[in-house]
Amino acid sequence: MILLAFFITAASISGTVYDADTYEPVPFVNLFINNGASVTITDSTGKFYTKLKPGDYKIKVSHIGYTGKTIDVKLSPKQELKLSIPVNKKTFKLEEVRVLGERILEPSFRAIDLKELKKIPFAELDFFRTLQSFPGVYSVSDLVGWLYIRGGTPDENLYLMDGGEIACPQHYFGAVSAFNVNLLQDVRFSCGGFPASYGDKLSAVLDVITREGSFEKRVTKINADLLEAGIETEFPLSNNCSYIFSARKNYFKAVAPLVGIEDSTIILPAYQNFQNKLSFSLGKNNKLSLSNLLMEDAASVSGNVMGDIGGSVNWNNESNTYVLNYCTTIRDQPLRTVIYHTYLSRYANWTDYHTHNKNKLLKKSGINQNGEIKFLKDKSLEWGVSCSYLDYSLDDDWPIEFMGLERYNESINLFADTCAIQYGTYLTLNTPISSKMMLASGSRLDYNSLTDQTVMSPRLRLTYFYNPKTSLSLAWGYYQQFQALEVLTLAPELPPAKSNHYVIGIEREISKDINGKIEFYENRISNLGFISIDEGNMVVSSDASGYGFSRGIETFIKKSFTNNFFGWISCSFSKTKRTNLFDKTLADFDADQPISLNLIGVYTLGKYAISANCRHSSGRPFTPIAGWLWDDALDHWYLVKGPKNSERYPSYDRLDIKIEREFHISTTTGNIYFSILNVFQHRNVQFYNYIDSQRQPIYMLPRLAFLGVDFTIF
């Protein structure tokens, strides 16, 4: 009877939460009713709906980065109350700062505030370095920005720009990001447990959204320092069309000898990149844009390369990506169409006693259609379909020792010249289980024409709001990735590699400007492909018996920009073991760092800002040398390796600082900054070199100090 009375007399509240400045809807806002007795959440379009008994209520609206507010409402029986709730970004004495925090509905999600990002040392050049300060993200070198995330390899990460896939987001083995930080609008980074909308990757997702150019006036920005110089400009082409352009070029190779870096031991690339975006505003609910990212890099060195072996190394790399985006809303249902084309051409040559070449060409074109259907007031169904065409060729006769195997003076040839069509589709149902619990359940299907296989990847995410300040999140899912095309060329029957993600997270609002999160995760990896080598002949195992695991505990505490200070502390305790493409031995992963600690802090005082980035981590594993053998034919000693990854380099420590001063001259505003990388000249070991049977360490970056300037002309 009580339940019947509720349905007869129940009232309802619905409405939209929107940004008071931009009038854009604000997704995933928490609405706590009567101090958390009931909780509802806005959907991805800022809308909410809930049923309540008649009576008086206080509704607290809360979202990270926005000023909280409380609304008093009185509900009569059967009343249907509709609200439009504006929220204001938090404002501070020095400037307005939008703190994204971590999206509470997505476990392992890391949000990046771009205004804060530009204050962090070295991040203005490469925001991938800042990603490495998040828990679960590991680095193998100062000169390599590849992202090793929770035991995954860089090629197990999905990189997107405005919804389109990018074949290569970094220059020369990950030395530096190709993105201009000033052209970014939003960076969505998930290091595990990501939703079904992302597929064909095992490890993580980096989804970059670039910003539109100015629709009002021309703005030009110039920057230069010891490492590189760049220019960007934006301006309106008409009342509903804008254009933004950026160009960057480095010259570090020319100044490296001045700071003690020898190009014969660390190969330094010369690179340039160009980024463009053309944007159209086609009315209230329609937007169209065309984005482009072009990057080129090259490197070469002659002399004593890789120890006492004379030779030369040459490298050339070019990548070009175009993305067409169309967003519209039909009857309050968002719809997005993405068409993209990405291209990668890479050539590498290494010469010692023999000449080894690597030629790689990749072309991928695709179309994605995504949308959301809302029904029954408080439920939504996210959906998407995709189709892509991949043209791929590889001719690689690299030396076996470069593959990490215990064989020398031999080479193998990895060859592929093939194409494949992939289809994908997904559905995710978002539904509240109770007033304090939200469930997202979904799955995706992926098909690859080369293997003629269809795989299903179910995924679940559950969020429970214990109270207005504390929440618990759970995530589980299958993540599958089709094997590399050079492997599938030899064995198309191989099943996709697979990883099961398990994530438990607890988030707590410690104070109004401090948010903390702790996560426990485990990734169980299976179906890794394997190539065996027998006297130069390759045999691809059809059982895909490679496997591994990664598990750990991660803590992340972030202080928002208040009282002239912001920063965060991240700490990880983890363990990762896995096999690789050429060795079934289960060993410590190449990027395994059981302990990783990162501290970032920025303090502002008037026109000045001082920032610091401090990192400590366990040393990476490496395979030691067990002895030496003499080769009569070559009249040369060569190494015999010991157990795989059975020893470790010394721990890694580095402190970077940056001092910045703002200036204004007429219509020009900018910053002069002084940065020091590796302040205490810590000698972090990159690898060990062997000359005349003696082991010699090759170190990463020494202490680097340089001045820089960036200024904007209005």
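On a predicted model such as this, the values are computed, not experimentally measured, just so you know.

Caption draft 1: Seen up close, the overall build of the protein. Summing up its helical and strand segments, the protein has 5 helices and 47 strands in all. Taken over 714 residues, the protein has a buried fraction of 55%. By sequence separation, contacts in the protein at least 24 residues apart represent 62% of the contacts at least 6 residues apart. Accessible surface, the protein as shown: approximately 30800 Å² in total, 58% of it carbon and sulfur.

Caption draft 2: A look at the pattern of salt bridges. Considering all chains together, one arrives at 21 salt bridges under this definition. Across the pair Asp-72 and Lys-58 runs a salt bridge, and its minimum N-O distance is 2.9 Å. On the criterion of sequence distance, the pair formed by Asp-72 in strand β6 (residues 69–75) and Lys-58 in strand β5 (residues 55–62) is long-range, its members being 14 residues apart. Under the relative-accessibility criterion, Asp-72 is labelled exposed at 53%. By relative accessible area, which is 47% here, Lys-58 ends up partly exposed. The shortest N-O distance in the salt bridge between Arg-150 and Glu-554 comes to 2.8 Å. Within this pair, whereas Arg-150 is found in the loop between β10 (148–149) and β11 (157–161), its partner Glu-554 is found in strand β34 (residues 546–562), the two being separated by 404 residues in sequence. Across the pair, Glu-554 and Arg-150 agree in class, each one buried.

Caption draft 3: Seen up close, the nonpolar core. In this structure, Phe-127, Leu-131, Phe-134, Phe-179, Phe-189 and Leu-206 are the most contacted members of the largest nonpolar core, which totals 51 residues. Among residues more than four places away in sequence, those in contact with Phe-179 are Phe-127, Phe-128, Met-161, Ile-166, Pro-169, Leu-184, Val-208, Arg-248, Gln-275 and Leu-293. Counting residues in hydrophobic clusters, the runner-up holds 20 residues, among them Ile-13, Val-29, Tyr-57 and Leu-81.

Caption draft 4: Layout of unusual backbone geometry. Its identity as a non-glycine residue notwithstanding, Asp-200 has a phi of 60 degrees, on the positive side. Within the fold, Asp-200 resides in the loop between β15 (184–190) and β16 (204–210). For Asp-200, a relative accessible area of 15% corresponds to the buried category. A positive phi angle, close to 65 degrees, is found at Asn-564, a residue other than glycine. On the secondary structure map, Asn-564 appears in the loop between β34 and β35 (565–580). Its relative accessible area of 24% is what places Asn-564 among the partly exposed residues.

Caption draft 5: Geometry of the packing of aromatic side chains. As enumerated under the stated definition, the model contains 16 aromatic pairs in all. Taking 6.1 Å as the distance between ring centres and 45 degrees as the angle between the ring planes, the aromatic pair formed by Phe-556 and Trp-568 counts as tilted. A residue pair is termed long-range when its members are at least 10 positions apart, and Phe-556 in strand β34 and Trp-568 in strand β35 qualify at 12 residues. A relative accessible area of 7% means that Phe-556 is categorised as buried. Three or more aromatic residues link up through ring pairs in this structure, and these residues are Phe-134, Phe-189, Phe-556 and Trp-568. A cation over a ring is seen here: Arg-218 above Phe-235, with NZ or CZ 4.4 Å from the ring centre.

Caption draft 6: Here's a closer look at the sheet that holds strand β7 (residues 80–87). Spatially, 3 strands are ordered β4-β1-β7 in an open sheet, and the strand pairing comes out mixed. The sheet is open, and its two edges are formed by β4 (47–52) and β7, each paired on a single side. If you compare each strand with its neighbour and ignore which way they point, the axes differ by 20 degrees on average. Here strand β1 (residues 11–19) runs beside β4; their pairing, made up of 6 bridges, is antiparallel. Note on β4: the bridge partner recorded for Ala-11 is Leu-52.

Caption draft 7: Highlighting the environment of Asn-448. Mapped onto the secondary structure, Asn-448 falls in strand β27 (residues 437–448). Here the alpha-carbon distance between Asn-448 and Gly-424, two residues 24 residues apart in the chain, equals 9.1 Å. Setting aside residues no more than four positions away along its own chain, Asn-448 makes contact with Ala-420, Ile-421, Gln-422, Gln-453 and Phe-482. Separated by 2.8 Å, the side chain of Asn-448 and the backbone nitrogen of Leu-450 make a polar contact.

Caption draft 8: A look at the side chain of Ser-570. Summarising the element assignment, Ser-570 is placed in strand β35. Within the structure, Ser-570 has its side chain in polar contact with the backbone oxygen of Ser-133 (distance 2.6 Å). Once residues lying within four places of it in the same chain are set aside, the contact partners of Ser-570 are Ser-133, Phe-134, Pro-135, Thr-555, Phe-556, Ser-596, Leu-597 and Asn-598.

Caption draft 9: Quick look at the pairing of strand β38 (residues 608–617). What you see with β38 is a clean split: Ala-609, Ser-611, Asn-613, Arg-615 and Ser-617 sit on the buried side and Tyr-608, Ile-610, Ala-612, Cys-614 and His-616 on the side with no burial. Looking at chain direction, strand β37 (residues 595–605) and β38 are connected through 10 bridges and run antiparallel. Paired with Val-602 across the strands is Ser-611, a residue of β38. Adjacent in sequence and paired antiparallel, β37 and β38 are bridged by 2 residues, among which Gly-606 carries a positive phi angle near 65 degrees. Strand direction decides the pairing type here: β38 and strand β43 (residues 652–665), joined by 10 bridges, are antiparallel. Of the residues in β43, the one forming a bridge with Arg-615 is Arg-654.

Caption draft 10: Layout of the pairing of strand β28 (residues 453–467). Bridge count for β27 against β28 is 12 bridges, and the pairing is antiparallel. Paired with Met-437 across the two strands is Tyr-464, which belongs to β28. Where β27 folds back onto β28 in an antiparallel hairpin, the turn is made up of 4 residues, including Asp-452, whose phi is positive at roughly 55 degrees. Taken together, β28 and the strand that follows it, strand β29 (residues 470–481), pair antiparallel across an intervening segment of 2 residues.

Caption draft 11: Spatial organisation of a positive patch on the surface. Taken together, the side chains of Lys-60, Lys-469, Arg-508 and Lys-512 present a region of like positive charge at the surface. Relative to the assigned elements, Lys-469 resides in the loop between β28 and β29.

Caption draft 12: Quick look at the environment of Asp-583. By the element assignment, Asp-583 lies in strand β36 (residues 583–588). For Asp-583, a relative accessible area of 17% corresponds to the buried category. Sequence separation between Asp-583 and Gly-546 is 37 residues; the distance between their C-alpha atoms is 8.6 Å. Excluding anything up to four places from it in sequence, Asp-583 contacts Phe-530 and Lys-644.

Caption draft 13: Local environment of the side chain of Asp-142. By the element assignment, Asp-142 lies in the loop between β9 (137–138) and β10. When its relative accessible area of 4% is taken as the criterion, Asp-142 is described as buried. Separated by 3.0 Å, the side chains of Asp-142 and Arg-654 make a polar contact. Those residues in contact with Asp-142 that sit more than four places away from it in its chain are Arg-129, Tyr-652, Arg-654, Met-700 and Leu-701.

Cut-offs used in this document
- Residues numbered from 1 in each chain as written.
- Predicted model: local features only at pLDDT ≥ 70, side-chain atom pairs only at ≥ 80, totals over all residues.
- Heavy atoms only, no water.
- Helix = DSSP H or I, 4+ residues; strand = E, 2+ residues; numbered from the N terminus.
- Buried < 20%, exposed > 50% of the residue type's maximum accessible area, 1.4 Å probe, protein only.
- Contact = heavy atoms within 4.5 Å.
- Areas by Shrake-Rupley, 256 points an atom, 1.4 Å probe, with all protein chains shown as cover.
- Salt bridge = Lys/Arg side-chain N within 4 Å of Asp/Glu carboxyl O.
- Core = buried A, V, L, I, M, F, W, Y, C linked by side-chain atoms within 4.5 Å.
- Phe/Tyr/Trp six-rings, centres within 6.5 Å; stacked < 30°, edge-to-face > 60°.
- Lys NZ or Arg CZ within 6 Å of the ring centre and 35° of its normal.
- Pairing = 2+ DSSP bridges.
- Axes fitted to C-alpha atoms, helices over the stretch in contact; angles between N-to-C directions.
- Polar contact = N/O pair within 3.5 Å; in protein donor to acceptor, adjacent residues only side chain to side chain.
- Patch = residues over 30% accessible without salt bridge, like charges linked within 9 Å, V, L, I, M, F, W, Y side chains within 5 Å.
- Lys, Arg positive; Asp, Glu negative; His and termini not counted.
- Charge placed at Lys NZ, Arg CZ, Asp CG, Glu CD.

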